[in-house]
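Structural characterization, general
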Amino acid sequence: MLYKLGTLFLRPGTKYVLLALAIVFPLIAKNEYQVYVMATAFIWAIAVYGLNIITGYCGQLNLAHGGFFAIGSYALGLLTADYGWNFWPAFLAAILLSAFLGFLVGAVSLRLKEHYFAIFTLCVGFIIYLLLDKWEELTHGPIGVRDIAAPHGFGLVDFTDTTPFYYLVLVFLVLAIWFIGRLSRSLMGRTFIAIRNGDELAESLGINLMRNKVLAFILSTTYAGLAGALYAGMIRFIGPEEANINHTFDIITYLLVGGIGTISGPLVGTLGIVWITQSLQFLEEYRMIIFGPLLVVLVIFFPRGLVGSFLTWMHRKSQELGPAKKRKASKVTPSATREAENNA
Amino acid sequence: MNLFFQQVINGLTLGSIYGLVALGLTLVYGILHIPNFAHGALYMVGAFMTYTLMIDLGSPYWTAMAGSAIIVATLGILLERLVFYPLRHSPPIHHKIAAIGVLLFLEATVQLFWGADFRRIASPYNGILRFDGLIIPEQRLLIICGAITLLIGLQYFLRKTMTGATIIAMAQNRDGAFLVGIDSNRVAMMTFGISGALAAIAASLYAPINLVYPSMGNLVIMKAFVIIILGGMGSIPGAILGGMIIGFAEAFGGFYFASAYKDLISFGLLVIILSVRPQGLFAKGAH
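No experiment lies behind these values; they were computed from the predicted model shown. (Residues numbered from 1 in each chain as written. Chains lettered and ligands numbered in written order. Predicted model: local features only at pLDDT ≥ 70, side-chain atom pairs only at ≥ 80, totals over all residues.)

**Here we look at the overall build of chain A**
Along chain A, the regular secondary structure elements total 17 helices and zero strands. Projecting the C-alpha coordinates of chain A onto the three principal axes gives extents of approximately 70 × 50 × 40 Å. By residue count, 49% of the 344 residues in chain A fall in the buried class. Counted over contacts in chain A with a minimum sequence separation of 6, partners at least 24 positions apart contribute 77%. (Helix = DSSP H or I, 4+ residues; strand = E, 2+ residues; numbered from the N terminus. Buried ≥ 20, exposed ≤ 12 C-beta atoms within 10 Å, placed from the backbone. Contact = placed C-beta atoms within 7 Å.)

This is how it looks when you write it as structure tokens:
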């Protein structure tokens, strides 16, 4: 019974249902605040998808992700507020800048393996934070950046309203997920997974480790920059705290709860946790008392997160049900099976 | 010239503290190959334990420090048992994430009970020694002497006692250690205990000239990581030497260049070193 219910989720049509739900969400939401929270969650989800590329698919724990998010926000904020750029050119510049800095950092840091890479990126994240906080001539220091431009609507829409902005974020989220979907099925995505599963083996197959890792890193920082720029455009006030290491840890939690290395995991994890935290407002400051042990329990018992565990369970069930039923279900399981195998 | 010697004292003080924290980190890394991101949280808990024992329970400085070392050592052992032991067969990325989880938990818990305010620990040694115009606060001298004593004690323990030798053996060759019948659980617990105690002592020594607050460990742990990368992960002399390098770089850099950017110095150093030598400065062979 549960299995049948599960196959429902794996049908190709599910994503269109979800998209439709997301589109009508502002109409069924009780108030504007809920739309606002949803838009924030979508922005974080984009950042989480970025981390998923380098950490989930490529297996390198990048602890500077929040820093690149902040670089995206600051690039947009400073260009519009201090240099009088319009939103869209600044938006593009913010994304390109995150990609370029991603290339620079990646080219240096990805020469390092495992622990060294994690520690190096932890330090990079901290350097970004310190620069934003101390380099007052450029970043205004702890005061932060005010008067950030809202997205220009070309006279058609007013993006200072919550609902139009929600749709804007939704468009970028759908694009982001679509791209990841394409990526994970492409040769490049499989190359990333091969690197994660064993970089020496991957290298012996003729994969250029450095080039692919740097590419994954650039993609992930681009996502982070995109999310950061959207965030700055929505909040329109940012400070050095955007680069706080806790943001990186939040992103890791979202990714891990949802399911590392899966396509739907980042969305499930982010939406789930953001809404749970929202409904438990008093938790805001102390949420880590619950999330900290949650992270530990997850990596010990459910290292694949909600989506990963679900896919594994479905895979096992479909094996148990025998060949007769399997043929019937085969329409929906291949992708799930593949994902479960990839994660094994 | 006096100003120069003043900076030497500052460098020695910072270097001693960083060295002690890095030593705990490098011991754990040498034995279990875990970069323990939660080590900074242990350091922070150590400071808060000393604070509570001294201010709320009124115990003397040294007793408070010993109590705090015991509490944090126990905490370290618990961590090994509850978190890292179950993960021993997992891919390395899981250890790091779990360690981050522990770090977040400890920080939030301390904040819940003690609040986010900055606190001070008053040291009984707040006098000042003068040598020919050179001013040395007693607490700084205490830090330097304390660190040296601990280092000698630890060296003695590791090199001359049987229990210490098991730790070294495990760090040198895991399988070889198993072959001669070394109990890996005991060694792992002991290493976490020692590492926690070192963190607590470093925090208690440093707290009187610094402040105590829930996120105090973050900067220290990151510098400790820089240090053990400098000194080669798992190397004990490397940790001490690296600690001194960073301590001096900060004392002199902060004094002669820009004090606002003094925290950047160590990270900038790391970036440069890792760009040139990805395996660290003094690393012998790959770990």
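The structure having been displayed, the exposition proceeds.
**What about the overall build of chain B?**
Each helix and strand in chain B was counted, giving eleven helices and two strands. Sequence-ordered secondary structure for chain B, helices as α and strands as β, is α-α-α-α-β-β-α-α-α-α-α-α-α. Rg of the C-alpha trace for chain B: 19 Å, near the compact-globule value of 19 Å for 287 residues, within the 12% margin. The dimensions of chain B, computed from C-alpha atoms along their principal axes, are 60 × 50 × 35 Å. Split into buried and exposed, the 287 residues of chain B put 50% on the buried side. Partitioning the contacts of chain B with sequence separation of at least 6, the portion at a separation of at least 24 is 75%. (Rg over C-alpha atoms; globule rule 2.2 N^0.38 Å.)

**Describing the pairing of strand E1 (residues 128-131) of chain B**
Residue and element names in this part refer to chain B. In terms of strand pairing, E1 meets strand E2 (residues 134-137) through four bridges, oriented antiparallel. Among the inter-strand pairings, isoleucine 128 is bridged to a residue of E2, identified as proline 137. Where E1 folds back onto E2 in an antiparallel hairpin, the turn is made up of two residues, including aspartate 132, whose phi is positive at roughly 55°. (Pairing = 2+ DSSP bridges.)

**Topic: the interface of chain A and chain B**
At the interface, 32 residues of chain A touch 34 residues of chain B. Of all the secondary-structure elements, those providing two or more residues to the side of chain A that touches chain B are helix H6 (114-134), helix H12 (245-258) and helix H14 (287-301) of chain A. Looking at which element gives the most residues to the side of chain A that touches chain B, the answer is H6 of chain A, with twelve residues. Of the residues that constitute the side of chain A that touches chain B, the class distribution is 26 nonpolar, three polar and three charged. (Nonpolar A, V, L, I, M, F, W, Y, C, P; charged D, E, K, R; others polar.)

**Structural notes on the confidence of the model for chain B**
In this model, chain B carries an average pLDDT of 84, and 95% of its residues clear a pLDDT of 70 or more. Among the scores for the predicted complex, ipTM is 0.81 and pTM is 0.84. (pLDDT = per-residue confidence, 0-100.)

**Some thoughts on the nonpolar core**
Of all hydrophobic cores here, the largest spans 196 residues; its most connected members are Ile46, Cys123 and Ala227 of chain A together with Val21, Val72, Val102 and Ala202 of chain B. Counting residues per element, this core draws most heavily on helix H3 (residues 32-57) of chain A, at 16 residues. One finds Leu10, Val307, Leu311 and Met314 of chain A within the second-largest nonpolar core, a separate group that totals five residues. (Core = buried A, V, L, I, M, F, W, Y, C linked by C-beta atoms within 7 Å.)

**A word on the domain arrangement of chain A**
Residues and elements named next belong to chain A. For chain A, the assigned domains are domain 1 (1-27 + 304-344) and domain 2 (31-245). Here domain 1 and domain 2 have C-alpha centroids that lie 29 Å from each other. Residue-level contacts link five residues of domain 1 with seven residues of domain 2. Among the elements that make up the side of domain 1 that touches domain 2, the one with the highest residue count is helix H2 (residues 14-28) (four residues). Counted by class, the side of domain 1 that touches domain 2 contains four nonpolar, one polar and no charged residues. (Domains from an automatic or database assignment.)

**Some remarks on helix H11 (residues 209-235) of chain A**
Residues and elements named next belong to chain A. In this model H11 runs 38 Å from its N-terminal to its C-terminal C-alpha over 27 residues, within 8% of the 39 Å that 1.5 Å per residue would give. The buried fraction of H11 is high, at 22 of 27 residues. Taken from the residues just after H11, arginine 236 is the one with a positive phi, measuring 65°. (Expected span 1.5 Å × (residues − 1).)

**Concerning the environment of leucine 134 of chain B**
Residue and element names in this part refer to chain B. As for its placement among the helices and strands, leucine 134 is situated in strand E2. Separated by 128 residues in sequence, leucine 134 and glutamine 6 place their C-alpha atoms 7.0 Å apart. Setting aside chain neighbours within four positions, we find leucine 134 in contact with Asn2 and Phe5.

**Looking at unusual backbone geometry**
All names here are of chain A. Phi angles above zero are rare outside glycine, and arginine 236 is one such case at about 65°. Of note, arginine 236 is situated in the loop between H11 and H12. For arginine 236, a count of 18 C-beta atoms within 10 Å corresponds to the partly exposed category.

**Focus: the packing of helix H1 (residues 2-32) of chain B against helix H8 (residues 184-206) of chain B**
Residue and element names in this part refer to chain B. Contact pair H1 / H8: the axes reach a minimum separation of 8 Å and the direction vectors enclose 170°. The angle between H1 and H8 falls in the class roughly antiparallel. Residue-level inspection shows Ile17, Leu20, Val21, Leu23, Gly24, Leu25, Leu27, Val28, Ile31 and Leu32 of H1 in contact with H8, the latter providing Val187, Ala188, Thr191, Phe192, Ile194, Ser195, Leu198, Ala199, Ile201, Ala202, Leu205 and Tyr206. Residue composition of the contact of H1 with H8, grouped by class: 19 nonpolar, three polar and no charged. (Axes fitted to C-alpha atoms, helices over the stretch in contact; angles between N-to-C directions. Parallel < 35°, antiparallel > 145°, perpendicular 65-115°, else oblique.)

**As for the packing of H14 of chain A against helix H4 (residues 92-114) of chain B**
Packing of H14 of chain A against H4 of chain B brings their axes to within 7 Å, and their N-to-C directions diverge by 160°. Considering the angle they form, H14 of chain A stands roughly antiparallel to H4 of chain B. In the crossing of H14 of chain A with H4 of chain B, the sense of the turn from one axis to the other is left-handed. Along its contact with H14 of chain A, which presents Met288, Ile289, Phe291, Gly292, Pro293, Leu295, Val296 and Val299 of chain A, the element H4 of chain B presents His94, Ile97, Ala98, Ile100, Gly101, Val102, Leu104, Phe105, Glu107, Ala108, Thr109 and Leu112 of chain B. Here the contact of H14 of chain A with H4 of chain B is composed, by residue class, of 15 nonpolar, four polar and one charged. (Left-handed = near helix turned anticlockwise from the far one by under 90°.)

**Looking at the environment of leucine 2 of chain A**
Here leucine 2 of chain A shows up in helix H1 (residues 2-10). It is 36 Å that separates the C-alpha atoms of leucine 2 of chain A and asparagine 62 of chain A, two residues lying 60 residues apart in sequence.

**So, the confidence of the model for chain A**
Residues and elements named next belong to chain A. For chain A, the mean per-residue pLDDT works out to 82, and 92% of the residues sit at or above 70. Per-element confidence in chain A is highest for H11, whose mean pLDDT is 91, and lowest for helix H17 (residues 333-343), whose mean pLDDT is 47. In the predicted structure, residues 328-338 sits below a pLDDT of 50 and forms twelve contacts with residues beyond four places in sequence or in another chain. Segment residues 340-344 is flagged for pLDDT under 50; beyond a separation of four residues in sequence, or across chains, it makes seven contacts in the model.

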